[in-house]
Each structure stands twice: as C-alpha cells, then as structure tokens.
Amino acid sequence: MSLKDDLRALALVAFWDVRKLRRYTFFLAMRFSWFLLQVLVFGLLVANMVSVGDLDYYKFYVVGAFMAVLFSMSMVKGHDIVEEFEDGLVDYQLSLPVKRKVLAIGRAIGGGISAFLHSLPMLIVVVLVLGVSSLSAVLALALASFVFASSLSGIAMGVALILRSSDRLDILMGVSDSLLVRISTIFYPIAAISGVAVYYYLAKVNPVSHMVDALRLIAIPEEYQGSAVSSPEVILMFLAGFAFTAILSSLFLLDRKIEGGYGR
Amino acid sequence: MGVAVKIRGLVKKFGNFAAVNGLNLDIEEGEIFGLLGPNGSGKSTTLLIIATVYKPTEGDVEVHGHSVTKSPDEVRRLVGIAFQEPKALWVDNPYELLVWHAMVVGYSFLDARRAVREIMEELEIWEHRGKLFSELSGGTRKKVEIAKLFLQKPKVAIFDEPTAQLDVTTRHKVWDMIEALKEERRTIIVATNDMAEADRLSDRLGIIYKGNLKALGTPAELKDRIPAGDVMEFSIEGQAGEHLLAALSRALNTERVNLTNGTLKVYVNRAEEKVAVAIETLSKMGVKVRSVSIKEPTLDDVFFYFTGAQLREGR
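Residues numbered from 1 in each chain as written. Chains lettered and ligands numbered in written order. Predicted model: local features only at pLDDT ≥ 70, side-chain atom pairs only at ≥ 80, totals over all residues. Heavy atoms only, no water.

Enquirer: Just to check I follow, could you spell out the overall build of chain A for this structure?
Expert: The number of helices and strands found in chain A is 11 helices and 0 strands. Written out in order from the N terminus, the α and β elements of chain A read α-α-α-α-α-α-α-α-α-α-α. Against the globule reference of 18 Å for 264 residues, chain A gives a C-alpha radius of gyration of 19 Å, in line with a compact fold. Principal-axis analysis of the C-alpha atoms places the extent of chain A at approximately 55 × 35 × 35 Å. Within chain A, the proportion of its 264 residues that are buried is 52%. For chain A, the proportion of contacts with a sequence separation of at least 24, taken over those separated by at least 6, is 79%. Summing over all exposed atoms, chain A offers an accessible surface of approximately 11,700 Å²; the carbon and sulfur share of this is 69%. Charged side chains in chain A number 21 positive and 20 negative. The centres of these two groups are separated by 7 Å. (Helix = DSSP H or I, 4+ residues; strand = E, 2+ residues; numbered from the N terminus. Rg over C-alpha atoms; globule rule 2.2 N^0.38 Å. Buried < 20%, exposed > 50% of the residue type's maximum accessible area, 1.4 Å probe, protein only. Contact = heavy atoms within 4.5 Å. Areas by Shrake-Rupley, 256 points an atom, 1.4 Å probe, with all protein chains shown as cover. Lys, Arg positive; Asp, Glu negative; His and termini not counted. Charge placed at Lys NZ, Arg CZ, Asp CG, Glu CD.)

Set out below in structure tokens:
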C-alpha cells in the first residue's frame, strides 16, 4: 500500500470517532453546564479568596477548568473502546484492510478530533472570558488542545485495549483523574504547592501540568511567563518527548499485542 | 488452481483452553469451502485467525502465500469477513456504515454511494438506510453485515453463519449471491451449522471438532464414508423369509437388512450402484418389487457420525 493509501485509510479511521458525535448530545450539554458553572460562579468566588503573588488566579483557574474538561473528554475515549470491544467492533476494525499502525494513529487522531470538538464550545468561552484577541493565539490554543486531546485519547484507548473491562477501566480512570488532575498545576499554581515537596515534584513531572501550562502560556503569555511549571522551551520539549513515547508505546501495543475477542 | 489458504499446525489457546488444537487444512483457490462443527468446536476462532483478528499461539496460516504472523497487513488486503454477529454502533445507520466500509476497502466516495445503494436494493434493505442500527430487526442487521462482504469482494471471503436469522427467500438469494461471488473467482469459506446451507453451497466440507479436523471431502464423499449410510427401500409382494434376507445380505455384502410390513430396507454404501443387483436377487427368489427408493444420508447424519459418536464416547 502506498503512503497515499495509508493517509486515506488514516482519515477514514479518524472519521469513525467523529461520526459518533451525535450520541453525546446529553453528555456534552451536561459538561458545558458544569464548565459554565465552574468558570462563571466558582471560579469568580475562588479567585476572590485566593491570592498567589501577582498571578490573576481567575485567569489561571479558567484555563485549568478547560484542561480538566479536555482531559475527561479524552479519557471518555477509553470507555468508547471498551464498549466497542463488548460490541465486537474492535474485531471488525482489526479485520479491515488497514495497517495496525494506521489504525492506532487514526483512532488516536479521531478520538482527539472528537474530544476537541466536544470541548470546542468551552474553548470559545475561555477565549471570550480571557479576552484572547490574537488570531494566532486562538489558533495555537485550538491546535494545542487538539494535540493534547489526541495524545490523551490515544493513551486512554491503549489502556482500555489492555484492560478490556469497563469495571477495571472505571477504577483506573478514577485513580488517574485524581492523580493526574489533582497532582498537577490544573488548579494549583506551582508556587502555591512548592511547600509540599512530594506534591511539588510530582506536579513538575506530570505531563498534564505541562499541557495546561502550555495552554496558559499561549492564552495569557505576559501574565503567566514566570509562573509556569517550567520555561516554554522545556515544556515544549517535555511534551514532544511525552507524545513520542506515548505514540511509540501505543503502536507497539497495537501492532504486537492487541487482538480481538472480548471476554476471552 | 492453487491453495488459497494453507493452515499448518494451528493452535490457539485462551488460557489453558485450546480452542484450536493442531489444525492442518488446505483450502483451494476458487472453491466454496464449508466449515462444519458444533458450537465451541473452533470454527470461528479459526476464521478469526485467517482474518488476522486473533494471533495464533502456535503454527501459521498462509493466505495466497502471505503468513498471518509475518505479513498480516498483506493478508488483510486479501481477506474479508462477515461476522456471525453484525458489527455496528447503535448510533450507526446502515447506509453511512456501509459507505464508510466501502471507502475503507477502496471505493471512491461516489462509487461507494452507488455500490452501497445497489447492494442495499438487492438485499431489500434500502428502505432501512436511514434508521439507527438499534432500531433494525435481527434479519436486517444480518443483511447489513453480509452486505459489507459483497461490497468488499475480497480474494478470500469468509462468511460466519451467513444466513442465520434470515427468512427462506432471503437465504436462497444470499446463497445465489455467494455462488455468484465464486464465479468471480473468489475463494469462499462458509462456517455454518445449517446442513442445507452446507450441502447447497460447499464444493468441499471440513468437519471440525474440539479444534481438530475430523473429516474432509466433498459432501458426496463424506456421505459415502458413513458405513452403510444409504438406504434402499423396496415395497415387495411375495414370500419373504430369513432365506431372502440372507441372500440379499450375501449379494450386497451388508449385514443390515430388515423387513417390516412389506417394506424391505437394505443399508449399503453407494446404493445407486447396487440397486440392480438387489432387484435381480429379489427376482430370483420369486419376490416382486412394486417400488424402490434410495435415501442417501443427509449432512446431519454425516455431522453426527463424525462428531456425535465422539460426543457419546466422551460421556
């Protein structure tokens, strides 16, 4: 198969997840309501109570709330895969004339597009609330959100393919949400947690911290420059390395280990 | 004609359970090969290994010379499978799903739309094109599943229970469509529990039991392998006693001859070759034959012979 054929297959596989948007109408409405409540009510209240140096905590919180939504939207893709396992759809996809690597990347990108589209209304709220006026910054926010969503979706799908159980996945997702979201700079500035060494260093190496701070550096660069988990260059390198490792692991898993047969 | 699918020493274990246990089998290019076996015999597992959905624990399968373990991407380009249970998201509608499938297997968008419409009309499911999959009847879902394979037309087409849940008319239509696919020089593997389907479609049959091949041949060959499987029934007039039964037994080389209410039953192999000898023997003994009929064993008999006997042994 030529590169052109592979790219065509990649686009079609990615479209598989995008097709499912309509099933999430109620879920999206709930998430959007939750987000508006977080940003327009709790965010304002908390920002009045919290003071971290010169940092505008409200702006910090708004981006964090968006990242939390993007994270959970991406993790939902893991549940989708388990459901597809149960319905035999993974068997179906594994039988298609598509290379395993193309299938893995296509599903991760499809999951990313899907999670990104799910969180797009919330991204628009972030842009409006923070007053991001530069088109390049808006596009960079969108692109970064899409890349993060794809990476997280790919990981969630890979984990789901290994676990093959909605119960085990629920437990793991609950734990990962607690650890990765809470022990990160999503809601707590790195300066504010520097007093607790374990918490501080875990947050420093948490990829979610780097993702959310990358978004903040794009959305509110001047105000956030000195408060991020690392310098912009280090964040970029960290995320590139993380994405590279995640993609390689997923490809290895799907290529060598994954096979059909839910319940076997 | 060469070998389309070569299976050698195939083993597939799930934990300690061997679903397929040292299977060897050649499926010829351009034939319809029927795979028979009771539930849990390893049929579907074998098919899913050929389709690269499962990986073999031991052994290998080659499809047109490409190994499922060494070059699965090549195998997937040659093989397509219609699953026993239809595969779709509940939010799918049949038309979108089939267009997506058609494009994945190589159609352009416009060709996919045209081809999908044609196949949906042929299978009489066009009117259901916009419904959610969850709203469709079992039969309609099954038609959508097999439509995928008729769109794909792979070199090796695998149908797992293709007409389960379908009405009689549609079953015959699907059988015709499978035979038409064979005319296009495709190799077709049909796993089925429906003996009428196996008899109607298969050039050759394999009977699989506990992960092993127990019998292989054309339907006629397998029927002939049942000892004294054919039954000649004579409606007779005249004196018939033990001497007549003994004479028939000698002449036809069978021990199974019996007489009940004027109906003489003789159990032999290849009855069509022996009926003349039987009539001649009866005539010599002064018995008049009013009518004669020959019954071949059905594939049900074949199935029981090769698997049922062992089931009894296993008890």
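Okay, back to it.
Enquirer: When you look at the interface of chain B and chain A in this model, what are you seeing that I'm missing?
Expert: Where the parts come together, the accessible area they lose is often given as the size of the interface. The interface is formed by 33 residues belonging to chain B together with 32 residues belonging to chain A. Taken together, the two surfaces of chain B and chain A that pack against each other cover about 2,900 Å², and 58% of this comes from carbon and sulfur. On the chain B side of the contact with chain A, B:Arg76, B:Leu89 and B:Trp100 bury the most area, a combined 25% of that side's loss. Linking chain B with chain A are 1 salt bridge. Between A:Arg19 and B:Asp92 there is a salt bridge, with its nearest N and O atoms 2.4 Å apart. Where chain B packs against chain A, one counts 7 residue pairs in polar contact (both at pLDDT 80 or more). Contributing elements (two or more residues each) for the side of chain B that touches chain A: strand 1 (3-14), helix 2 (72-78), strand 6 (79-82), helix 3 (94-104) and helix 5 (138-152) of chain B. The greatest single-element share of the side of chain B that touches chain A, amounting to 6 residues, is contributed by helix 3 of chain B. (Buried area = accessible area lost by both parts, 1.4 Å probe. Salt bridge = Lys/Arg side-chain N within 4 Å of Asp/Glu carboxyl O. Polar contact = N/O pair within 3.5 Å; in protein donor to acceptor, adjacent residues only side chain to side chain.)

Enquirer: What should I look at first to understand the side chain of B:Glu233 in this one?
Expert: Residues and elements named next belong to chain B. One can find glutamate 233 in strand 11 (residues 230-237). Accessibility expressed as a relative area gives 18% for glutamate 233, which makes it buried. Those residues within four positions of glutamate 233 in sequence are excluded, and the remaining contacts are Thr263, Leu264, Lys265, Ser291, Val292, Ser293 and Lys295.

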